[in-house]
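What follows is the residue order along each chain.
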Amino acid sequence: MLATAAATPGLGDWSLNPPLVLVAGLAVLYWLGARRTFTPERKRTAQHGRSACFYAALLVLVLALSSPLDLLSEQLFWAHMVQHVLLLVVAAPLIVFARPWIRLWRCLPLDARRWLARGLSHGRRAAPLRAAARFLGSPGASFVAFSVVLLGWHLPALFDATLRSSALHALEHTLFFGTAVMFWKQVIPSPPLRVRLPAPQRVLYVVGAMIVSWVLAVVLALAPHPLYGFYASQASRPGGISAIADQQLAAGIMWVPGSITFVIVIFVYVHRWLMPTEPGSTRSPRLASEH
């Protein structure tokens, strides 16, 4: 049975909210750091491409969290799933691929950088932070964090709670994006961050995460009734679709568009693995896959 159609947010319904302010701040910090970073002539074209990826990632964050899509996500589950896909498999890998870390670091004054570097690398008070960073930066911990956050926040009780609490909703999106960056850092080279997995293991790593996302999609698609009370109780929805159709559409978004980045990364590594070594090349297959 179709639900009554509700008003759809217009293209002008943008929000001046904390995510938009944070994204604007990141753009300014990156710009300042870029002005303080010298790039050799031979590397400038590649750096321009990475900078474009960084700003594209920020634009994706704005579209996910401050555009009319954010308002639509309060009425339609599939729109909410589009937000999650943009955070997990679009913005996060773009950020990692862009390698913005040095430029964001250099936005700080030199004396502040030296003080922070000494404290973080040798300070006794920062020892627990260093240990936590080593643990969370490991491939196993990153995979578990990504999977648990993805599946855990889609449990009906937690998911409905985020829709009734703006603070909890912000925490959910922050963890989605943060753990996704942790995950993609394990498979996409992003100096000075280290990739610890050899290329063949990265393929298995990405396949495993893709299967985790498919598990969520299958559960949503095959559920005989709406899983989320918040959306099921909506008196009307844009387009007049039913709650179960809304949920099945969300499952399709997680299953197909949500798999595109995984498939691209898998294809790139498999292609490099199968490429014949150039005559006279002394690079090993593993090293060749890093460039």
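Reading guide: rules and limits
Residues numbered from 1 in each chain as written. Predicted model: local features only at pLDDT ≥ 70, side-chain atom pairs only at ≥ 80, totals over all residues. Heavy atoms only, no water. Helix = DSSP H or I, 4+ residues; strand = E, 2+ residues; numbered from the N terminus. Rg over C-alpha atoms; globule rule 2.2 N^0.38 Å. Buried < 20%, exposed > 50% of the residue type's maximum accessible area, 1.4 Å probe, protein only. Contact = heavy atoms within 4.5 Å. Areas by Shrake-Rupley, 256 points an atom, 1.4 Å probe, with all protein chains shown as cover. Lys, Arg positive; Asp, Glu negative; His and termini not counted. Charge placed at Lys NZ, Arg CZ, Asp CG, Glu CD. Patch = residues over 30% accessible without salt bridge, like charges linked within 9 Å, V, L, I, M, F, W, Y side chains within 5 Å. Salt bridge = Lys/Arg side-chain N within 4 Å of Asp/Glu carboxyl O. Core = buried A, V, L, I, M, F, W, Y, C linked by side-chain atoms within 4.5 Å. Polar contact = N/O pair within 3.5 Å; in protein donor to acceptor, adjacent residues only side chain to side chain. Expected span 1.5 Å × (residues − 1).

*Asks:* How should the overall build of the chain be read in this particular structure?
*Replies:* Of the regular secondary structure elements, the chain holds 15 helices and two strands. At 21 Å, the chain has a C-alpha radius of gyration in line with the 19 Å of a compact globule built from 291 residues. Viewed in the frame of its principal axes, the chain has a C-alpha envelope of about 65 × 45 × 40 Å. The buried share of the chain, reckoned over its 291 residues, is 42%. A fraction of 75% describes how many contacts in the chain between residues 6 or more apart in sequence connect residues 24 or more apart. Roughly 15800 Å² of accessible area belongs to the chain as shown, and the carbon and sulfur atoms make up 71% of that amount. If the 25 positive side-chain charges of the chain are averaged to one point and the 10 negative ones to another, these points end up 18 Å apart.

*Asks:* Please clarify how a nonpolar patch on the surface should be interpreted in this entry.
*Replies:* A contiguous nonpolar surface patch, about 780 Å² in accessible area, is contributed by L151, I211, W214, V215, V218, V219, L222, W255 and V256. At six residues, the largest contribution of residues to the nonpolar patch is made by helix 11 (residues 199-222). Position of L222 among the secondary structure elements: in helix 11.

*Asks:* Explanation requested: unusual backbone geometry in the structure shown.
*Replies:* Both trends apply: most residues other than glycine have a negative phi, and most peptide bonds are in trans. For the bond running from P191 to P192, omega is 5 degrees, close enough to zero to count as cis. Along the polypeptide, P192 turns up in the loop between helix 10 (166-184) and helix 11.

*Asks:* Looking at this model, I keep getting lost on the pattern of salt bridges. Mind explaining?
*Replies:* Pairing is possible between side chains that carry opposite charge, provided their charged atoms lie close to one another. According to the stated counting rule, one finds one salt bridge in the structure shown. Linking R44 and E41 is a salt bridge whose minimum nitrogen-to-oxygen distance equals 2.9 Å. For E41, a relative accessible area of 59% puts it in the exposed group.

*Asks:* Help me understand the nonpolar core in this model?
*Replies:* For soluble globular proteins, the rule of thumb is that nonpolar side chains tend to be buried together. With 62 residues, the main nonpolar core has F77, F146, L150, F183, W184 and F262 as its most contacted residues. When residues in this core are grouped by element, the largest group, 13 residues, is from helix 4 (residues 77-98). In this view, L150 contacts L88, F176, V212, S213, L216 and M254; residues no more than four positions away in its chain are not counted.

*Asks:* Please clarify how the environment of V21 should be interpreted in this entry.
*Replies:* With respect to the element layout, V21 can be found in helix 1 (residues 18-35). Each C-alpha atom, one on V21 and one on S66, is 9.8 Å from the other, the two residues being 45 residues apart in sequence.

*Asks:* I keep staring at the side chain of S242 and nothing clicks. Help me out?
*Replies:* Position of S242 among the secondary structure elements: in the loop between strand 2 (236-237) and helix 13 (243-255). Within polar-contact distance, the side chain of S242 engages the backbone nitrogen of A245 at 3.2 Å.

*Asks:* Honestly, helix 8 (residues 139-152) in this entry has me stumped. Any pointers?
*Replies:* For an α-helix, 3.6 residues make a turn, and residues three or four places apart therefore share a direction. With 14 residues, helix 8 extends 19 Å from end C-alpha to end C-alpha; this agrees with the ideal 20 Å at 1.5 Å per step. For helix 8, the set of buried residues is P139, A141, S142, A145, F146, S147, V149, L150 and G152.

Keep in mind that these numbers describe shape and distance, not what the molecule does.
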